[in-house]
Amino acid sequence: MLTHKGDLKEIPRVQRYITRLLLEEILKWDNETKGSKDKKIYEAYIRYGYTLREIAEHLGVHYATISRAIKRVEGKIEM
C-alpha cells in the first residue's frame, strides 16, 4: 500500500502499459472497412499508448498514414 502518494512522481511507460494488448491482437483485420480499421488504430494509440511509429512499423506504412487515420476518427479530416 502506498502511504506517501507524493513520492510517486511518474510511472515509467514500460510499467504503465505492461498489461496492454499486443498490436497483433488489436489490429486484426477481418473484412474490416476503412472506418473500422481507423478505429482500431485509434484505440491502439489512445487506449493502449502505442506510438505512431510503433503502429506504422507493425502495419508497414508511414507514420503520417497512422496520423491521418487517427485524425479521421477524431473528426478532424474527412474520410
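Residues numbered from 1 in each chain as written. Predicted model: local features only at pLDDT ≥ 70, side-chain atom pairs only at ≥ 80, totals over all residues. Heavy atoms only, no water.

A.B. asks: Before we go on, may I ask you to explain the overall build of the protein in this structure?
C.D. replies: A tally of helices and strands in the protein yields five helices and zero strands. When burial is assessed residue by residue, the protein has 23% of its 79 residues classed as buried. For the protein, the share of sequence-separated contacts (at least 6 apart) that also reach a separation of at least 24 residues comes to 51%. Carbon and sulfur atoms make up 52% of the accessible area of the protein, which amounts to about 6300 Å² in all. (Helix = DSSP H or I, 4+ residues; strand = E, 2+ residues; numbered from the N terminus. Buried < 20%, exposed > 50% of the residue type's maximum accessible area, 1.4 Å probe, protein only. Contact = heavy atoms within 4.5 Å. Areas by Shrake-Rupley, 256 points an atom, 1.4 Å probe, with all protein chains shown as cover.)

A.B. asks: It is not clear to me how the packing of helix α3 (residues 34-46) against helix α4 (residues 52-59) should be interpreted in this structure. Could you clarify?
C.D. replies: What describes two packed helices is the angle between their axes and the distance between those same axes. Here α3 crosses α4 at 140 degrees, and the two axes come no closer than 9 Å. Relative to α4, the element α3 is oriented oblique. Two packed elements cross with a definite hand, and for α3 against α4 that hand is right-handed. Residues I41, A44 and Y45 of α3 touch α4, and the partners they reach there are L52, I55 and L59. Partitioned by chemical class, the residues of the contact of α3 with α4 number six nonpolar, no polar and no charged. (Axes fitted to C-alpha atoms, helices over the stretch in contact; angles between N-to-C directions. Parallel < 35°, antiparallel > 145°, perpendicular 65-115°, else oblique. Left-handed = near helix turned anticlockwise from the far one by under 90°. Nonpolar A, V, L, I, M, F, W, Y, C, P; charged D, E, K, R; others polar.)

A.B. asks: For this particular structure, what's the right way to read the pattern of salt bridges?
C.D. replies: For side chains bearing opposite charge, pairing can occur when the charged atoms are close. Going through the model one piece at a time under the given rule, you end up with three salt bridges. For E32, the salt bridge goes to K40, with nearest N and O atoms at 3.1 Å. Classification of E32 by relative accessible area gives partly exposed; the value is 23%. Its salt-bridge partner being R47, residue E43 comes within 3.1 Å of it at the nearest N-O pair. (Salt bridge = Lys/Arg side-chain N within 4 Å of Asp/Glu carboxyl O.)

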